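Report on the structure
Chain by chain, the residues run as shown.
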Amino acid sequence: MLPARSSPWLLAALAAVIWLAFSAQLGLYEATVRFNKQNPDPYRISFQEPRFQDAAALLPLEEPVGYVSNLELNEVRGVAAFFGAQYALAPRILIPFPDDRAGRFVLGNFSPEVELADATSRLAREHNLKVVRAFDSGVVVFENSKRP
Amino acid sequence: MTALISVALAVLLGWLLVRLTGLTDELRPRWAARLCCLAMGAGAGVAVTSGILYGLLRAGLASRAGVLGTELAILAVLAVAQRRRLRAAATGQPDLARFRFNGVLLAGLIAALALLIATQVSMVRAAPHGNWDAFAIWNLRAKFLLAPGELWKNAASPLLERTHPEYPLLLSGFVARTWRLAGAVSPAAPLATGYLFAAAVVALLVALLSLSRGTAAGLLAALVFFASTSYLEQISWQYADIPLSFYFLATFGCLLLGVFHTGRQALVAYALAGFFAGFAALTKDEGSAFLVVSSAVLAGWLGRRLGARQAWSRLRWWFAGALPGLALLADFRLFLAPPVKLLGDQTLPQILEKLADPGRYLALGRALLTETIALGDGWSHPLVLLALLAAVLRVEWDERLRLPIGFAGATLGGMALVYIGVYLIAHYDLDWLLGTSLGRLYTQVWPPLLFAAFLVLGRPADPAPAERASRRGKKAR
């Protein structure tokens, strides 16, 4: 009997390995294309930098910026929105507000289902904030009047 | 485009550095030796240039001109030093058996690679900023490193408590360095970094195994690797686990190359292995565990086989190589990063209670099984492919490879124990921790595991002339 290392069994096994490796790739390709059609940019990070661009010009680099949102930070959507804003605004540090460590400015990040004017005025009232500027994209910059 | 040129500059620098060692000189096949040097150079280049950026940031000199000038100066020194690079007089590389179907294996590999590229294009188009940890940790901290003046230190600010400011900075540093040289913050730099490491892992796997076990073994390892879909999915995520898997593999690879050399080059192999292990520690916390475990394994192995004196003569090269990565890590940990709270605020009785809880072992066992199954898909699962190959190729022990096989096996075993221990006593919710991290731990160790498996598997080979004659005789009868 021929050694296994050069036998027809080996050639059959190698053919199977080639085919199975290729079919693994094919499966991955099909699954990826299907998933990406249904969930392009699932955390919508690509949209965040242009969305926060104008607000960034108003926010200082030197001090932490407070962060408020209608989306809760204990839910995936809320955390994704927070990190989307943090990534877009880095190297500014965002801190969930209220927090004494936050500086003079507070960033509002609101999802489209929120009535922006209502949410903005309610937050301003609750936390004694002054609206510096509200942008169409659901982004609001507040000033914390308790801070010098 | 500028980002890609900046990445290429790092690769060139690393390639020149690895070439200085002469470790791949005189090895056959030549294409594999060159590929090995290039792949190791890619990882070395990322490590060195990331370290340069960190040093320049500390010195307040990390302007674009400062970074470019320093890198070009080092590049020039390395280029001039090539005249005096170590050259191997002869190698102890074994004769590698020929296999006439290598072309078929290569064709299969190219077909799988073409599909993989199409998959990756789709992934990048859909999510150019990568997955969660990319924008929440690694690339976010790269943006902080670009801040003006001393504000770059905010990358390790305790205020970034949701972003793991204590994580080491190799990956973020390289992305920041590439953005700085490119003059723009774009997804191109982290994407190029992720694909550079993934390509270097495949290239290193193929090259190392081709040099030690023949081209067929290298190509087969790559095919099995291409069936490891959970690893491949993570390339576009831009996480640090794939770079870490590269540094693990490169550490083992250097010791493999050292086996083929004698004298100074055999010692340089320990230094380069230590260099990669040191920079693994600068990549992720698991890399620090790797440095400790691999150092202990190497010390134990060499001490037992050679005696303390001979062992130290090799180990000191290993530690000298690890020094740059360790020094950068020590500086970061001591002077910048917030303290690491591995155990949280747990007391000793709480930890002991966790260790005695059978439910935690059960949860861990279930998660291990789930993640092992998730490595691939159905019949094309990489473990099915490995089992198929093991059935026909069986085991072929090469005594010359005892050190790299034993070192890799014992280190990976030690790492498994470390991972298990951390899971058992972690202060986070265990199910959440397993669900969010175990798959990535597999990613870190999978290429070195494949490497070790193919070092002991038999090699496909053409029949020897006498065997062929016997076969012809049987046919004639």
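My aim in this report is to walk through the structure given alongside it, one point at a time. Fair warning: this is a prediction, and the values are worked out from it, not measured in the lab.

The rules behind each value
Residues numbered from 1 in each chain as written. Chains lettered and ligands numbered in written order. Predicted model: local features only at pLDDT ≥ 70, side-chain atom pairs only at ≥ 80, totals over all residues. Heavy atoms only, no water. Buried < 20%, exposed > 50% of the residue type's maximum accessible area, 1.4 Å probe, protein only. Helix = DSSP H or I, 4+ residues; strand = E, 2+ residues; numbered from the N terminus. Pairing = 2+ DSSP bridges. Right-handed = clockwise from strand over helix to strand, strands pointing away. Axes fitted to C-alpha atoms, helices over the stretch in contact; angles between N-to-C directions. Contact = heavy atoms within 4.5 Å. Core = buried A, V, L, I, M, F, W, Y, C linked by side-chain atoms within 4.5 Å. Domains from an automatic or database assignment.

This part covers the pairing of strand 1 (residues 65-69) of chain A. Remember that side chains alternate between the two faces of the sheet whenever the strand is regular. All names here are of chain A. Most of strand 1 is tucked away: four of the five residues are buried. Pairing of strand 1 with strand 2 (residues 94-96), which is carried by three bridges, proceeds in the parallel orientation. If you follow V65 over to strand 2, its bridge partner there is L94. Taken together, strand 1, helix 3 (residues 76-89) and strand 2 form a β-α-β motif whose crossover is right-handed. The pairing of strand 1 with strand 3 (residues 105-109) spans four bridges and is classified as parallel. Counted as the bridge partner of G66 is V106 from strand 3.

All right, on to the sheet that holds strand 1 of chain A then. Residues and elements named next belong to chain A. One open sheet accounts for five strands, arranged 2-1-3-5-4; its pairing is mixed. The sheet is open, and its two borders are formed by strand 2 and strand 4 (129-134), each paired with just one other strand. In this sheet, adjacent strand axes meet at a mean angle of 35° when their direction is disregarded. Contacts from helix 3 reach strand 1, strand 2 and strand 3 within the one sheet, and its direction differs from that of strand 2 by about 155°.

One finds L107 of chain A together with M40, F225, Y247, F276 and F454 of chain B to be the most contacted residues of the largest nonpolar core, which totals 201 residues. Two domains each donate at least three residues to this core, and these are domain 1 (7-40) and domain 2 (45-144) of chain A. Of all hydrophobic cores here, the second largest spans 12 residues; its members include F97, A124, L129 and F142 of chain A.

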